Structure formats: C-alpha cells, structure tokens
Amino acid sequence: MTSIKILPDWFLPESQATSESIYMNRRRFLKKAGLGSLSTIGLLAGCQTLEEKKAVVKQKLLEERLRPITTARNLAFTIDRPLTNEYSAAAYTNFYEFSGDKDVWQKVDKFQPHPWTIEVSGLVAKPQKFAIEDLISKMPIEERLYRHRCVEAWAMAVPWIGFPLKRLIELVEPKATATYVKFTTFMRPEQAGRQILHNQPWPYTEGLTIKEAVNELAFLAVGIYGHELPKQHGAPIRLVLPWKYGYKSIKSIEKIEFSDRQPPTFWNMRFPEEYDFLANVNPNIAHPRWSQASEKMLETGDRYATQMYNGYASYVANLY
Ligand code: MTE
C-alpha cells in the first residue's frame, strides 16, 4: 500500500532555504511587495538582493512606529554566536494565520495588536484579565539574548524583551490540581486571511506542563531589538521557549488557561507523529522527514551542530 505524505505548510527543502537567504527571485518579490505603502514601493526599484529586501522590511517597520523599550540586559543569558540581523529576522517569520510562506511581513497590514487584552483563567485562585499595558507595568521587564531553533532546522539568535512567564503565573495563583497550561492566539479571520481555512484547527493553540511553564527560561516577550514586537513576530505578546522547537513559542496570545489535562495543540492535532507536544530540541531524534543534527542560521547560512535542549540543558534537563 502506498502512503501519501502531506507536507505541512512550513516544510521548506534545504535548497530553497539557502537560496532564500542569499538571493530572491526578483519578479516574485516585486509582485508581492508591491502591495506595500507608497514609500515601500519607492524602495522596490531594482530590488534584488537580501540587502535590498532588508531595506524594504526596515522601512515597513519604521512605518509601524514601534515604541522603543529601554531596559537592562540580563547577563545570565549569553549566546555563542553573533546576533541575527533585525531585518533578516523580521523578513523570515512563521505565522500561519497570515501566510504559509515566510513573507508574513507583507501580509499583516490589517492586523490590529492594540488595544489588547490577555485573559488568564481555569484552575487558578485569581483569574484575571489584563490590558497589555497594565500587565507590562506590573512585570519586571528585561532583555535576554536567546537562541531560537525552528523545527525546520533554521535558527536565529535574537534579543527578546519581556518577563518570565513564572511572574505572571504567580499573580494568578494556580491551584494544586493545575498540571498543564494552554495558550491561545487570537481568532480574527477578517484580519488574518488564513484563519478562513476550515481544514485547520484555528485559533492556534499551544501548551506546556506547569513545571515547564514555571521554568526560569520560559519568557513572555513584548519586544525585540529594543522596541515593541513587530506584528510578524507576534505582537503584542508571545511566548519564547528557547529549549523547544519554535512552534511551541506561540504568538499574539489572548488566553492562558490552567487545567488538569494535556491540551490539544495546533500542530500536534494536525500531524501528531511529526509535532510532539513536548518538542524539545534534540539532535538525536530526527524529524520523520529530515535530520535535526545541525541547524542553519538565518542570513549568514552558518551551520552549527544542534545542541541538546538547544544548549539549555542546565536549566531544563531535570524536567524530562
Ligand atoms: N504562533 C502562531 N500563533 N502562529 C504560528 O504560525 N509559528 C510558530 C511560532 N509561533 C506560529 C506561532 C513557529 S513554527 C515558529 S518557528 C515561531 O513562531 C517563529 O517565530 P518568529 O517567526 O518570530 O521567528
């Protein structure tokens, strides 16, 4: 019997990933980017190389008027490689609500991340709803340099700004029966075009055990590169879990719920044999269709051996 493999939207053959970082098909790019604002279009003339694409992305971010966030870097979190260029990171994102490709930055114009409320409920003594600004004012904001590893085997190293998830959990006081935490992204098909696809379990959901959620590394990011999160990185608030494959780091969170059972999650529901609920970075366990032994950095294409738990074993190995 022949079995037919359905490729997830994010599957990108290695050859394609490489050429994306070095060279773009000019015509395809002009067609897609032509949807941008006038000043963006102005920059497109002769647009061909990665440098030119980065200039367009930079211009678009300037037009978003992201507020600067000044805060101290937490020096406990260092990285072993150069930081990824801000505009390369912003030009190559996964956000399936907007695109099945990496061109999310061209498709987020309708998305409105302000005003924003995040609701924390379930098995907690103090369920609460927070306006994002109030939550930020209550939390100890810091900057952390983290490695980020996508299950597709690309990686980046970026400066996130935010606060430990644990600090929010302390505010709501989970009950002793709470063993799992579920996270849910917005549901706004009028702003995020792909949410009308009925064969996918929108809204995007993810989950952690409560022990993972209170780990020091689990971080709620509200900024990156010294300012608020751009839409394509998950404005206004997203999870960052550097020891896990990137799909666990859910973007644009609206709900956090505590429960006593493992929640169903977006990718695990779609392809359970490929996208595990735990999904820790592990060079020794190949994805069913590609190796996880090494990773390639965005922009430079530099290749590094994958590290167990993405190099964060001293923080998390005791959880498993
Ligand atoms: N969150 C939502 N809501 N929707 C998504 O499609 N993609 C995930 C994760 N969070 C995704 C998401 C995947 S596959 C990865 S690798 C990271 O976001 C990518 O984060 P970045 O695009 O900011 O680099």
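For the structure, see preceding data.
Right, let's walk through the structure included here. (Residues numbered from 1 in each chain as written. Predicted model: local features only at pLDDT ≥ 70, side-chain atom pairs only at ≥ 80, totals over all residues. Heavy atoms only, no water.)

**Topic: the overall build of the protein**
Stage number 1. Of regular secondary structure, the protein possesses ten helices and twelve strands.
Stage number 2. Here the contacts in the protein between residues at least 6 apart in sequence split such that 73% fall between residues at least 24 apart.
Stage number 3. Carbon and sulfur atoms make up 55% of the accessible area of the protein, which totals about 14,400 Å². (Helix = DSSP H or I, 4+ residues; strand = E, 2+ residues; numbered from the N terminus. Contact = heavy atoms within 4.5 Å. Areas by Shrake-Rupley, 256 points an atom, 1.4 Å probe, with all protein chains shown as cover.)

**Focus: the packing of aromatic side chains**
Stage number 1. Scanning the model with the defined rule gives 23 aromatic pairs in all.
Stage number 2. With centroids separated by 5.3 Å and ring planes inclined at 80°, the aromatic side chains of tyrosine 96 and tryptophan 267 adopt a geometry described as edge-to-face. Of the two residues, tyrosine 96 is situated in the loop between α5 (86-90) and β1 (117-122) and tryptophan 267 in helix α9 (residues 266-270); the sequence distance between them amounts to 171 residues. Of the two residues, tyrosine 96 and tryptophan 267, neither departs from the other in class, the shared state being buried.
Stage number 3. Plain terms: the ring middles of tyrosine 204 and phenylalanine 266 are 4.9 Å apart, the flat faces sit at 20° to each other, and that makes the pair stacked. Within this pair, whereas tyrosine 204 is found in the loop between β5 (180-185) and β6 (205-209), its partner phenylalanine 266 is found in helix α9, the two being separated by 62 residues in sequence. (Phe/Tyr/Trp six-rings, centres within 6.5 Å; stacked < 30°, edge-to-face > 60°. Buried < 20%, exposed > 50% of the residue type's maximum accessible area, 1.4 Å probe, protein only.)

**Regarding the pairing of strand β7 (residues 219-224)**
Stage number 1. With six of six residues buried, β7 is to be regarded as a mostly interior element.
Stage number 2. Pairing geometry for strand β4 (residues 154-164) and β7, over five bridges, is antiparallel. Within the sheet, the bridge partner assigned to glycine 162 lies in β7 and is alanine 221.
Stage number 3. When β7 meets strand β9 (residues 238-240), the two strands line up antiparallel, connected through three bridges. The residue bridging leucine 220 from the neighbouring strand is leucine 239, located in β9. (Pairing = 2+ DSSP bridges.)

**Some details on unusual backbone geometry**
Stage number 1. For the bond from histidine 114 to proline 115, the omega torsion is -5°, close enough to zero to count as cis.
Stage number 2. Structurally, the position occupied by proline 115 is in the loop between α5 and β1.
Stage number 3. Geometrically, the link from alanine 235 to proline 236 is a cis peptide bond, its omega value of -5° lying close to zero.
Stage number 4. If you trace the backbone, proline 236 turns up in the loop between β8 (227-228) and β9.

**Description of empty space enclosed by the protein**
Stage number 1. Applying the stated rule across the entire model yields three cavities of 30 Å³ or more.
Stage number 2. Taken together, 21 residues line the largest cavity, and the ones lying closest to its centre are Asn94, Arg238, Gly246, Ser249 and Lys251.
Stage number 3. The residue inventory of the lining of the largest cavity, partitioned by class, reads eleven nonpolar, seven polar and three charged. (1 Å grid on protein atoms, 1.4 Å probe; cavity = no way out; pocket = protein on both sides within 12 Å on 5 of 7 lines; lining within 4 Å. Points joined across faces, edges and corners; volume = space filled by probe spheres on them. Nonpolar A, V, L, I, M, F, W, Y, C, P; charged D, E, K, R; others polar.)

**Points about the site of the ligand**
Stage number 1. Residues in close proximity to the ligand total 19 residues, the closest being Tyr96, Glu97, His233, Arg238 and Lys251.
Stage number 2. A total of 530 Å² of accessible area belongs to the ligand in isolation, and the protein chains cover 100% of it.
Stage number 3. Mapping the ligand onto the cavity grids shows that it belongs to the largest cavity. (Near = heavy atom within 4 Å. Sits in = over half its atoms within 2 Å of the grid points.)

**Quick notes on the sheet that holds strand β2 (residues 128-131)**
Stage number 1. Pairing within the open sheet is mixed, and its five strands lie in the order β2-β1-β10-β5-β6. Each of the sheet's edge strands pairs with one partner strand only, and the pair in question is β2 and β6. Neighbour to neighbour, the strand axes of the sheet diverge by 15° on average, direction disregarded.
Stage number 2. In the sheet, β1 pairs with β2 via four bridges, with the strands oriented antiparallel. Looking across to β2, one finds that glutamate 119 is bridged to lysine 129.
Stage number 3. In the packing of helix α7 (residues 165-172) onto the sheet, contacts are made with β1, β2, β5, β6 and β10 (253-259), and the angle to β2 comes to roughly 130°. (Axes fitted to C-alpha atoms, helices over the stretch in contact; angles between N-to-C directions.)

**Comments concerning the pattern of salt bridges**
Stage number 1. Counted according to the given criterion, the structure contains 19 salt bridges.
Stage number 2. The salt bridge involving aspartate 80 is made with arginine 81; its shortest N-O contact spans 2.8 Å.
Stage number 3. Judged by its relative accessible area of 42%, aspartate 80 falls in the partly exposed class.
Stage number 4. Residue arginine 81 is classed as buried on the basis of its relative accessible area, which comes to 8%.
Stage number 5. Note that aspartate 260 is salt-bridged to arginine 261, the shortest N-O span being 3.4 Å.
Stage number 6. Put simply, Asp80, Arg81, Arg147, Arg149 and Glu295 are held in one network by salt bridges that share partners. (Salt bridge = Lys/Arg side-chain N within 4 Å of Asp/Glu carboxyl O.)

**Some details on the nonpolar core**
Stage number 1. Residues Trp160, Leu165, Phe183, Ile237, Leu239, Ile256 and Phe258 are the most contacted members of the largest nonpolar core, which totals 76 residues.
Stage number 2. A per-element tally of this core places β4 first, with seven residues.
Stage number 3. Setting aside chain neighbours within four positions, we find phenylalanine 183 in contact with Leu165, Tyr204, Thr205, Glu206, Gly207, Leu208, Leu239, Ile250, Ile253, Lys255 and Ile256.
Stage number 4. Residues Val57, Leu61, Leu66 and Ala90 belong to the second largest nonpolar core, which totals eight residues. (Core = buried A, V, L, I, M, F, W, Y, C linked by side-chain atoms within 4.5 Å.)

**A word on α7**
Every α-helix winds through 3.6 residues per turn, so residues three or four apart in the chain are directed the same way.
Stage number 1. Along α7, the residues that are buried comprise Leu165, Leu168, Ile169 and Val172. Viewed end-on, α7 has its buried residues packed into an arc of 100°, placing them on one side of the element.
Stage number 2. Following α7 by one or two positions, glutamate 173 adopts a phi angle in the positive range, close to 55°. (Arc of directions from axis to C-beta.)

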